[in-house]
Amino acid sequence: MRCQAILGLVLESRLNFIRSKNSLRILSMRHVYHHSSPFSLDSGESLPEITIAYDTFGSPNADRSNIIWVCHALTASSDVADWWPHTVESGKFLDPEKYFIVCANILGSCYGSTGPLSINPATGEPYYGDFPSLTMSDIVRAHSLLADHLCIDRIHALIGSSVGGFQALEWICGQPDRFDRLVLIATDAYASPWSIAINETQRMALRSDDSFGRRAPEAGRAGLATARAIGLLTYRGGEGYNLTQQDLTPPDSPENRRPCTYQRYQGEKLCRRFNAYSYMNILNAFDTHDVGRHRGGLKAALGRIHIPTIVIGISTDMIFPPADMRRLAEMIPNASYVEIVSPFGHDGFLTEHQQLNHLLIPFLS
């Protein structure tokens, strides 16, 4: 009976594709899976129940051999076409005419899956700061639970970029026989001291906001805006800023210079769509990432991956530098390393869609 879950998605996705086939953007189908049993966490705590929001594109074929699972990054949602431009389109590497694409919003986020703003059944109020700590392993167990619910036993390709790559590596190291191909973009097998330091600086910004800790959805907004501005410096880097944020005519006031207004705008923009408690929770989960833990170390863990793998680095990435990406590829049997040349740093995985399509269309085929 439970395998009927994916059958309903087939008809729904086909109808949606017919409606949107002639549009520039392929529309997603938003679904919600409610798991009513307790969900145990690595911390020893448990969530009495969880909800997983997920989006699908396209339709599964008769033998379900065309399924691609995308793991999203830090503040993204399950709507891949929204945050990853020119990828979920006909003729692109996430072609909904060819593949059935699934992306689940991670636990701890605020886009439909259980997180700090969700209602705690025990109190009838949102969790806020009481939401338990998560690990990448917890997040991936939720993905696996959803895949089981959809009767997806085998996945043609698992794709993860940035924190999505953390999830992909954790999942495949735990269930190496579930996948046929692996795509890792601007990511790593563990949270490096450098990346943890970046996250701690953002947490310091959150904690410096006196409103952070209050039981309100708008708590910590000023701290969140500052944290986002700090993060952006590492996402784009100097070359990206110098290319896009030059003042054509310098204004009289320093605070009105283009780089200043850009930082404030981006901080305010995130506050309109995200939540400080979710941001803190996901940063903490980020820092737990180490696929070698309980698996005999990184070499042993990554040695379990025997499927074709492509590791894609970005020439100007400050967070996951090309040298680290090459090292990751060398530790995975049957992996190849390719480098995207981009001035936009870590955010190159979002902007260099033409290069990604050129690399991934043949790899996924």
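Keep in mind that this is a model prediction, so the values were computed, not measured. (Residues numbered from 1 in each chain as written. Predicted model: local features only at pLDDT ≥ 70, side-chain atom pairs only at ≥ 80, totals over all residues. Heavy atoms only, no water.)

Peer 1: Honestly, the environment of Arg181 in this entry has me stumped. Any pointers?
Peer 2: Among the structural elements, Arg181 can be located in the loop between α4 (163-174) and β10 (182-185). When neighbours within four sequence positions are excluded, Arg181 is seen to be in contact with His156, Ala157, Leu158, Ile307, Pro308, Phe363 and Leu364. At a separation of 3.0 Å, a polar atom in the side chain of Arg181 contacts the main-chain carbonyl oxygen of Phe363. (Helix = DSSP H or I, 4+ residues; strand = E, 2+ residues; numbered from the N terminus. Contact = heavy atoms within 4.5 Å. Polar contact = N/O pair within 3.5 Å; in protein donor to acceptor, adjacent residues only side chain to side chain.)

Peer 1: I tried to follow the pairing of strand β12 (residues 335-340) on my own but got confused; where do I start?
Peer 2: Looking down a regular strand, the side chains alternate between one sheet face and the other. Across six bridges, strand β11 (residues 309-314) lies against β12 in parallel orientation. Across the sheet, Ile314 pairs through a bridge with Ile340, a residue of β12. Running through helix α10 (residues 322-331), the crossover from β11 to the neighbouring parallel element β12 is right-handed. (Pairing = 2+ DSSP bridges. Right-handed = clockwise from strand over helix to strand, strands pointing away.)

Peer 1: Explain a positive patch on the surface to me, please; I cannot follow it from the model alone.
Peer 2: Together, Arg221, Lys269, Arg272 and Arg273 give the surface a local cluster of positive charge. Broken down by element, the residue count for the positive patch peaks at three residues, all from helix α7 (residues 258-273). Here Arg273 falls in the partly exposed class, since its relative accessible area comes to 33%. (Patch = residues over 30% accessible without salt bridge, like charges linked within 9 Å, V, L, I, M, F, W, Y side chains within 5 Å. Areas by Shrake-Rupley, 256 points an atom, 1.4 Å probe, with all protein chains shown as cover. Salt bridge = Lys/Arg side-chain N within 4 Å of Asp/Glu carboxyl O. Lys, Arg positive; Asp, Glu negative; His and termini not counted. Charge placed at Lys NZ, Arg CZ, Asp CG, Glu CD. Buried < 20%, exposed > 50% of the residue type's maximum accessible area, 1.4 Å probe, protein only.)

Peer 1: For this particular structure, what's the right way to read the nonpolar core?
Peer 2: Nonpolar side chains in soluble globular proteins generally cluster together in the buried interior. Residues Trp69, Leu158, Leu169, Tyr279, Leu302 and Ile305 are the most contacted members of the largest nonpolar core, which totals 74 residues. Residue contacts for Ile305: discarding those within four places in its chain leaves Leu169, Ile172, Cys173, Leu182, Ile332 and Pro333. Judged by nonpolar contacts, the second largest core, of 30 residues, contains Ala73, Ala81, Leu94 and Ala186. (Core = buried A, V, L, I, M, F, W, Y, C linked by side-chain atoms within 4.5 Å.)

Peer 1: Teacher, can you tell me more about the side chain of Thr135 here?
Peer 2: Assignment of secondary structure puts Thr135 in the loop between β8 (125-126) and α3 (136-149). Look at Thr135 and you get buried, because its relative accessible area is 17%.

Peer 1: Explanation requested: the pattern of salt bridges in the structure shown.
Peer 2: If charged atoms from side chains of opposite charge come close, those side chains can pair. Considering all chains together, one arrives at 14 salt bridges under this definition. Among the salt bridges present, the one from Arg203 reaches Asp287, with a minimum N-O distance of 2.5 Å. You can see Arg203 sitting in helix α5 (residues 193-207) and its partner Asp287 sitting in helix α8 (residues 276-287), a full 84 residues away along the chain. No difference in accessibility class separates Arg203 from Asp287, as the two residues are buried. Each of Glu200, Arg203, Arg207 and Asp287 takes part in a single network of salt bridges with overlapping partners.

In short, geometric facts, not functional conclusions.
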